[in-house]
Amino acid sequence: MNEVSLLSALIMGLAGSGHCLVMCGGIASSLQLASKQLPSLVVAILYNVGRISSYALAGALVALLGASLAKQNTMIANVLQLMSGVFMILIGIYIMRLASTLKWLESLAKSLIWQHIVKLNKYLVPINTKPKAFLYGVLWGWLPCGLVYSALTWTLQAKSPFEGALIMLAFGAGTLPALIAMGQSALLLQKFINHLVTRIIMGNLLIWYGVYLIIIATDKLVH
């Protein structure tokens, strides 16, 4: 892992913030309104820290799996890198809104994972304490999101759980401004993120980085 990987993860999160506002923005807003015992900014921060903590944990677990497989077979490591490049391209296409390349992943995760996790929601409502606000974020960090799960496939090539967690932390940091911002600031940020030029630039950066990963992985597989 290098600075380019973390920067790409950050860009991925920032570029996908528009999608995050749709998926989690309503949850975060309703959470702030529902909690009358805590300041809205405190709730927003705790919720998002919990959410990103789940991303980091998932990144560490997936990286651990990827590292274990890679140790068994060098070819598996190259295939994982190839798969990361493919998903990077899918994310770029998704961000530019050329096609819904990640919908199938969200549907799969919803049927396999989310339907079980969401049942824990009843133990955290009402959100009247700081630990509950944090844990609510931890819970919703597992919300079926093609963008998050695609980022997780990227952690398969990480050399350690720590690197996998760092990648997902960088991704989560990219989504943070849009979900913390409120009022007019949120509207301006959303307008910038959803602007055609912004989406094209960020989408192309991710696509070309994905192509780079595929070229490197393919060269290793051939030789």
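The coordinates are above.
Residues numbered from 1 in each chain as written. Predicted model: local features only at pLDDT ≥ 70, side-chain atom pairs only at ≥ 80, totals over all residues. Heavy atoms only, no water.

> I'm lost on the overall build of the protein in this one. Help?
Per the secondary structure count, the protein includes 10 helices and zero strands. N-terminal to C-terminal, the α/β element order of the protein is α-α-α-α-α-α-α-α-α-α. Across the 223 residues in the protein, those meeting the buried criterion constitute 47%. Summed over its atoms, the accessible surface of the protein is roughly 11,000 Å², and 72% of this surface lies on carbon and sulfur atoms. (Helix = DSSP H or I, 4+ residues; strand = E, 2+ residues; numbered from the N terminus. Buried < 20%, exposed > 50% of the residue type's maximum accessible area, 1.4 Å probe, protein only. Areas by Shrake-Rupley, 256 points an atom, 1.4 Å probe, with all protein chains shown as cover.)

> What is the right way to look at the nonpolar core in this model?
In terms of nonpolar packing, the biggest core is built from 31 residues, with Met-12, Ile-91, Trp-154, Met-168, Phe-171 and Leu-206 touching the most fellow members. Those elements that provide at least two residues to this core are α1 (3–15), α3 (40–72), α4 (74–95), α7 (146–154), α8 (161–180) and α10 (196–222). The element that contributes the greatest number of residues to this core is α7, accounting for six residues. If sequence neighbours within four positions are ignored, Met-12 has contacts with Met-88, Ile-91, Ile-95, Leu-147, Ala-151, Trp-154, Phe-171 and Leu-206. Counting residues in each nonpolar core, the second largest holds 11 residues, with Tyr-47, Ala-133, Tyr-136 and Leu-143 among its members. (Core = buried A, V, L, I, M, F, W, Y, C linked by side-chain atoms within 4.5 Å. Contact = heavy atoms within 4.5 Å.)

> Any chance you could explain a nonpolar patch on the surface here in plain terms?
A cluster of nonpolar side chains, Trp-104, Leu-108, Leu-112 and Ile-113, forms an exposed patch at the surface whose accessible area comes to about 390 Å². Relative to the assigned elements, Ile-113 resides in helix α5 (residues 103–117). (Patch = residues over 30% accessible without salt bridge, like charges linked within 9 Å, V, L, I, M, F, W, Y side chains within 5 Å. Salt bridge = Lys/Arg side-chain N within 4 Å of Asp/Glu carboxyl O.)

> Any chance you could explain the side chain of Arg-51 here in plain terms?
On the secondary structure map, Arg-51 appears in helix α3. In terms of polar contacts, Arg-51 uses its side chain to reach the side chain of Asn-48, at 2.9 Å. (Polar contact = N/O pair within 3.5 Å; in protein donor to acceptor, adjacent residues only side chain to side chain.)

> Even after reading the chapter, I still don't get the packing of α4 against α10, so can you show me in this structure?
Two quantities define a packed helix pair, namely the angle between the axes and the distance from one axis to the other. Their axes nearest at 7 Å, the elements α4 and α10 cross at an angle of 160°. What the angle tells us is that α4 and α10 run roughly antiparallel. Crossing geometry of α4 relative to α10 is assigned as left-handed. Looking at the contact of α4 with α10 residue by residue, the class counts come to 18 nonpolar, eight polar and two charged. (Axes fitted to C-alpha atoms, helices over the stretch in contact; angles between N-to-C directions. Parallel < 35°, antiparallel > 145°, perpendicular 65-115°, else oblique. Left-handed = near helix turned anticlockwise from the far one by under 90°. Nonpolar A, V, L, I, M, F, W, Y, C, P; charged D, E, K, R; others polar.)

> I tried to follow the packing of α4 against α7 on my own but got confused; where do I start?
At a minimum axis distance of 8 Å, the contact between α4 and α7 shows a crossing angle of 155°. Relative to α7, the element α4 is oriented roughly antiparallel. The way α4 lies across α7 gives a crossing that is left-handed. Seen from α4, the contacting residues are Ser-84, Phe-87, Met-88 and Ile-91; seen from α7, they are Leu-147, Ser-150, Ala-151, Thr-153 and Trp-154. Looking at side-chain class alone, the contact of α4 with α7 contains six nonpolar, three polar and no charged residues.

> I tried to follow the environment of Leu-205 on my own but got confused; where do I start?
The residue Leu-205 is located in helix α10 in this model. Along the backbone, Leu-205 and Ile-89 are 116 residues apart, and their C-alpha atoms lie at a distance of 9.4 Å.

> I would appreciate a short explanation of the environment of Pro-177 in the present structure.
Mapping Pro-177 onto the fold places it in helix α8. For Pro-177, a relative accessible area of 38% puts it in the partly exposed group.

> Would you mind showing me how to read the packing of aromatic side chains here?
For any pair of aromatic rings, the description rests on two quantities: the centre-to-centre distance and the angle between the ring planes. Per the stated rule, a full pass over the model turns up two aromatic pairs. The interplanar angle of 40° and the centroid separation of 5.8 Å between the aromatic rings of Tyr-136 and Trp-140 together place this pair among those described as tilted. Taken together, the positions of Tyr-136 and Trp-140, both in helix α6 (residues 130–140) and four residues apart, correspond to about one turn of that helix. Assigned by exposure class, Tyr-136 and Trp-140 land together as buried. (Phe/Tyr/Trp six-rings, centres within 6.5 Å; stacked < 30°, edge-to-face > 60°.)

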